Every structure is written in C-alpha cells, then in structure tokens.
Amino acid sequence: MKPIVAIVGRPNVGKSTLFNKLVGDRVAIVDNQPGVTRDRLYRETEWCGTEFVLVDTGGLEPRNNDFMMANIKKQAEVAMNEADVILFVVDGKAGVTALDEEVAYLLRKKNKHVILCVNKIDNFQAQLEDTYDFWGLGFEDLAPVSAEHKVNLGDMLDTVVEHINKLEMPEEEEGIKIALIGRPNAGKSSLTNRLLGEERSIVSDIAGTTRDSIDSSFVHNDEKYVLIDTAGIRRKSKIEEDLEYYSVLRAIKSIKRADVCFLLLDGKDGLTEQDKRIAGIAHEEQKPLVIVVNKWDIVEKETKTMHKMREYLRVELPFLSYAPIEFVSALTGQRTLKLIDHVDLIHAEYHKRVSTGLLNTVLKEAMVLNAPPTRKGRVIKVNYCSQVSSAPPKFVIFCNHPELLHFSYIRYIENKFREAFGFEGCPLTFVVNKKG
Ligand code: GDP
Ligand code: GDP
C-alpha cells in the first residue's frame, strides 16, 4: 500500500512540469493495445528509497474560466480526503492570488500534510524576496523551487519523504481484496450493500488509522473477502459526485490494493470516456477484472440484448478482452452472488503457473499452424517460452530477432495460450528476449 502524494494548484503554476520532472524518465510500460486511454495521471516514483504514488489529475478538469474557481477548490477538498501528502503549487513570479488564498484556507482546515511549493524561483538569490509573501498562507513547510530548472526539488522531496515516514499505514486485512470501480451512480454503493447484506457473517469494518478509507469484509463458503474502501464508496457528497478527479483518484488507490477488480457499468447507459479511463488504470496495473453490467433489471430487453451488449463492450474495451462480463442487478440481487464465483476463479487463474513443458507444446503447435512471418528478409525463429511469474502472469519468449517479432504475432501466441490454459479475467504480459 503506497502513500499517495497529490499535486494541487491553479492552472499555469507549473503542476504538470513538476509532475514530469519528478517522475523523470520512468517510462510507462509500453502497451500497444488499442483503446487504452493513456493520460499521465499518476506514476509510481521514489525518493531515497521511499516509494509513493504521485498524482496529477489536474488536466482532467475543464479550463473554462467559469468553472475553474469552483473546480480547483473541489479538487483541493478531494485531495485532502484522499491523499496522504499534498503538494500545493503556487507561482512565485505571480505572487499570492485570491484563488491561492481560498485553496490555502481549504487545505488548512484539515490536519493533512501540506507542502507549499513556490514554483518558478529560477534564480534563488534574486527571487528570494518573492517567496516571503507566501508564508502568509500559513503553512509550515514552504519549498521554493524551479520545476523547469530542477532547482531545490531534492529538498522538497526530502520534506515529502519526512511526512510519509511519519504516516501510520494501516494493517492489511486477510482475505481476497475486491475493488469496486466505476463512475458515480454506476451502483457501487448498492452492490457493496448487497454483497455485505447477503452474507450474515460480516466480520468487521476495518478502520485505517490515518486514512479515511474503511474496508469491510464478509465470508462466503468459508472464504473471506474484503471490499476495499467501502467508506469512500458510501460517502456521498455533492463535491465528489460530479468530479472526475475524485473517481479517478479513488480508483487509483483502490486498484493498487486490489486482488480483483469489479468494473461497474450502468447497463442503461453507453460507455463514457470516464469508464474507459478507469478501465485503463486497472489494465495498466495488470489486475484481474470482471466487467459488471449493473441495473440489468431496468434495461429493456429484446432478443439478444445481452449478446449485443457483450459485443458492444468487446468493441469499446478491446484491451479488456480477457475479462468476463456479468449482468447483475444490485437492486434485486440478481446474479450478484455469481460475482463471487468469478472472483474465486480469476483469483486462482491469476496465481496459476503453467509448466514450461506444457507451454512449449502449445507454442510449437501454434507455430506449426501459423509460423512467425519473415520480416525484412529475415527468418524469425521463436525458440521457446517460459512463465516467469504469476500474479500477474508473465511470460518470456526467446527469439532470434526480438525486435522483429511483431506485436500481432505475440497476440496470436497469447490467444493460443488462453485457449489452452484459460487465464480468464487476467491480463498477460509478454517479454521477448534474444536467443539465437
Ligand atoms: P499547470 O497548468 O499548473 O500544469 O502548469 P504547467 O506545468 O503547464 O506550466 C505552466 C507554464 O509555466 C509553462 O509555460 C511552463 O513552462 C512554465 N513553468 C513551469 N515551471 C516553471 C519554472 O520553474 N520556471 C519558469 N520560469 N516557468 C515554469
Ligand atoms: P454509486 O455512486 O456507484 O455508489 O451508485 P449507487 O449505488 O449510489 O447507485 C446510484 C443509483 O442507482 C441509486 O439511485 C440506486 O438506487 C440506483 N441503482 C443501483 N443499482 C441499481 C440496480 O441494479 N437497478 C436499479 N434499477 N437501480 C440501481
């Protein structure tokens, strides 16, 4: 469970510059799958051995002036509820603005670790006086920095790490951890209540010490399950509901801790960008997932409605082709317990290991049916394959010209492995290494 450090502040103060400099060259996993929304919303990073997740989702909000003020304030409030440390960025050249003061007021209200980051101090000697006014915002930690020129970022990170090391991280509860993700009104809260209510043996609410998140657990067929962040799901404030920033921040936190994710969709509506973005995070984090089409009770059904919905989802979410799709109603309880069967299955699949012998039998058969295409006049030979890890399942393919082995051929092998071994609900990773 890595701490969350959120960057907040009004537009143009240098938030994304700071984000980019701090995550540096940590390039995301190259993923050629079509349809994955790849915003740079968050990255894992570390400083002096302390790891954390840096979040900059400011870019998600409209920059229309009418909404700007309100949005920045909302964002600050959400960051305050959800993040462990906040980097509040202001523009040292522009001086203190009214909006900075309002955000500062919100951030001071709660007992959270806030570091006031006075940016654009490119010339420390000449501009030192520019920073004095900012002490008036009332934060103990003030870091004059230049994101662009990477000045003083180390000192600022030292302060971040100092705060992180003071956090008390809650103990993780035993059991299979399930994250319910999806946009507001998809039915996360209703499904949570349904799953907890269905089972008599609710164990306890598990309170995080310094965090506001509370998990709940239940037992089904002697197996224990933990629903992640039930408090966050149930907490409904107007602020959070219409703010994409909130659902994304919540999703990042929950997905990272999850063993299995439920992507909840409203069966009455089509998919939105927000659904895809959240789905993309689960995929990027390589977590197993069930697509849950909720509110099936009020969907008008004609012939093949379910079938058509399936096809639609497969087209719209091509990168989740491995995820089972279930149609439920949190309201009536229709098929909700079936979701637990999915969890059991895909959790086991996620931890499965296939022997090298079996893998290579299937690999050979696949190559007999369809040999790797010659490229640039060279014959490509795939020698063998091995599963190097489970949870998430990862495979290494040995090949004479790894750089020439086309992505689509790897997809072909992946499909053959899935036909032979299942791995339902699980993303699979392939690495190609050189071997003559
Ligand atoms: P955001 O809207 O808060 O994410 O701000 P951006 O990161 O997009 O930066 C806004 C502008 O400020 C850009 O033109 C940046 O090049 C500039 N900027 C960012 N950091 C610095 C800095 O440390 N010094 C100076 N002089 N300009 C900066
Ligand atoms: P959340 O924001 O994702 O937690 O969504 P909620 O659980 O609060 O549900 C949003 C609205 O949809 C509420 O009015 C629920 O009563 C309704 N709702 C949730 N699940 C179902 C369902 O399966 N069928 C119907 N008809 N309504 C549902």
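Scroll up to find the structure this text is about.
Residues numbered from 1 in each chain as written. Chains lettered and ligands numbered in written order. Predicted model: local features only at pLDDT ≥ 70, side-chain atom pairs only at ≥ 80, totals over all residues.

Across its full length, the protein chain holds 14 helices and 16 strands. The buried share of the protein chain, taken over its 436 residues, is 40%. Sequence separation of 24 or more characterises 75% of the internal contacts of the protein chain that already satisfy a separation of 6 or more. (Helix = DSSP H or I, 4+ residues; strand = E, 2+ residues; numbered from the N terminus. Buried ≥ 20, exposed ≤ 12 C-beta atoms within 10 Å, placed from the backbone. Contact = placed C-beta atoms within 7 Å.)

All right, on to the packing of helix H9 (residues 244–257) against helix H10 (residues 273–284) then. Interaxial distance between H9 and H10 falls to 10 Å at its minimum, and their mutual angle equals 20 degrees. Taken as axis vectors, H9 and H10 run roughly parallel relative to one another. Where H9 crosses over H10, the handedness of that crossing is right-handed. Residues Glu244, Ser247, Val248, Ala251, Ile252 and Ile255 of H9 pack against Gln274, Arg277, Ile278, Ile281 and Ala282 of H10. In terms of residue class, the contact of H9 with H10 is built from seven nonpolar, two polar and two charged. (Axes fitted to C-alpha atoms, helices over the stretch in contact; angles between N-to-C directions. Parallel < 35°, antiparallel > 145°, perpendicular 65-115°, else oblique. Left-handed = near helix turned anticlockwise from the far one by under 90°. Nonpolar A, V, L, I, M, F, W, Y, C, P; charged D, E, K, R; others polar.)

Moving on: the sheet that holds strand S5 (residues 113–119). Taken together, six strands build an open sheet; the order of strands is S2-S3-S1-S4-S5-S6 and the sheet is mixed. Across the chains shown, the open sheet's two edge strands, defined by having one partner strand only, are strand S2 (42–47) and strand S6 (141–144). Each strand of the sheet is rotated relative to its neighbour by a mean of 25 degrees, with strand direction disregarded. Of the strand pairs in this sheet, strand S1 (residues 4–8) and strand S3 (residues 50–55) are connected by three bridges, and their pairing is parallel. In the sheet register, alanine 6 faces S3, and the bridge partner there is valine 55. (Pairing = 2+ DSSP bridges.)

Okay, the site of ligand 2 next. By nearness alone, 16 residues border ligand 2, and Gly187, Lys188, Ser189, Ser190 and Leu331 come closest of all. The greatest single-element share of the shell around ligand 2, amounting to three residues, is contributed by helix H6 (residues 188–198). Across the shell around ligand 2, the residue classes tally to six nonpolar, seven polar and three charged. (Near = placed C-beta within 6 Å.)

This part covers the site of ligand 1. Not every one of the 16 residues close to ligand 1 is listed here, only the nearest: Gly14, Lys15, Ser16, Thr17 and Glu148. Ranked by the residues each element gives to the shell around ligand 1, the list is headed by helix H1 (residues 15–23), at three residues. A breakdown of the residues in the shell around ligand 1 according to their chemical character gives three nonpolar, nine polar and four charged.

Okay, the environment of arginine 378 next. Tracing the sequence through the fold places arginine 378 in the loop between helix H13 (356–369) and strand S14 (382–389). Spatially, the C-alpha atoms of arginine 378 and glutamate 162 are 55 Å apart, while their sequence positions differ by 216 residues. The contacts of arginine 378, once residues within four sequence positions are left out, are His401 and Leu404.

Attention now moves to the sheet that holds strand S16 (residues 429–434). The strand order S14-S15-S16 describes an open sheet built from three strands, whose pairing is mixed. Edge strands, defined here as strands with exactly one partner in the open sheet, are S14 and S16. Strand-to-strand, the axes of this sheet are offset by a mean angle of 25 degrees, without reference to chain direction. Where S14 and strand S15 (residues 394–399) come together, six bridges link them in antiparallel fashion. Paired with serine 389 across the strands is lysine 394, a residue of S15.

So, on to the packing of H13 against helix H14 (residues 407–421). Their axes nearest at 10 Å, the elements H13 and H14 cross at an angle of 125 degrees. It follows that H13 is oblique to H14 by the angle criterion. For H13 against H14, the interelement crossing comes out right-handed. Between H13 and H14, the contacting residues are Val362, Leu363 and Ala366 on the first element and Tyr412, Ile413, Lys416, Phe417 and Ala420 on the second. A per-class count over the contact of H13 with H14 returns seven nonpolar, no polar and one charged.

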